[in-house]
Amino acid sequence: MSKGFQEKIVFPEIYSLSYKPKSGCEFFDVIERNGSYFAKCKILDSFITRSKVSKCENLWMDCPYRRLGLKHLSGAKS
Ligand code: SF4
């Protein structure tokens, strides 16, 4: 479980999901709390609002933050 479990979530109602979201993005993380799910972006180091989660689920390959993250990772390896 990520450290997010201990994090305080301010205004949880704008982040909470009734289903466990899934994304092919390697920077996508999900935590469960009190029966609700919260999606988190490891690049932005922040929770993803409910209204934006579908982009991470369906359009993650085109996400500019993901591109930045991958570029950073490839730079870190060389
Ligand atoms: S915002 Fe982009 S990088 Fe972050 S989890 Fe969603 S798809 Fe991945």
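1. Structural notes on the nonpolar core
Proteins that are soluble and globular tend to have nonpolar side chains buried together. In terms of nonpolar packing, the biggest core is built from 11 residues, these being Tyr 15, Cys 25, Phe 27, Phe 28, Phe 38, Ala 39, Cys 41, Phe 47, Ile 48, Val 53 and Cys 56. Secondary-structure elements contributing two or more residues to this core are strand E2 (36-41) and helix H1 (50-58). Top contributing element to this core by residue count: E2, with three residues. When neighbours within four sequence positions are excluded, Phe 38 is seen to be in contact with Ile 9, Tyr 15, Ser 16, Val 30, Ile 31, Arg 33 and Phe 47.

2. As for the pairing of strand E1 (residues 28-33)
Pairing between E1 and E2: six bridges, direction antiparallel. Looking at E2, one finds that Val 30 is bridged to Ala 39. Linking two consecutive strands that pair antiparallel, namely E1 and E2, is a turn of two residues; a positive phi of about 50° is found at Asn 34 within it.

Each value, and the rule that gives it
- Residues numbered from 1 in each chain as written.
- Predicted model: local features only at pLDDT ≥ 70, side-chain atom pairs only at ≥ 80, totals over all residues.
- Core = buried A, V, L, I, M, F, W, Y, C linked by C-beta atoms within 7 Å.
- Buried ≥ 20, exposed ≤ 12 C-beta atoms within 10 Å, placed from the backbone.
- Helix = DSSP H or I, 4+ residues; strand = E, 2+ residues; numbered from the N terminus.
- Contact = placed C-beta atoms within 7 Å.
- Pairing = 2+ DSSP bridges.

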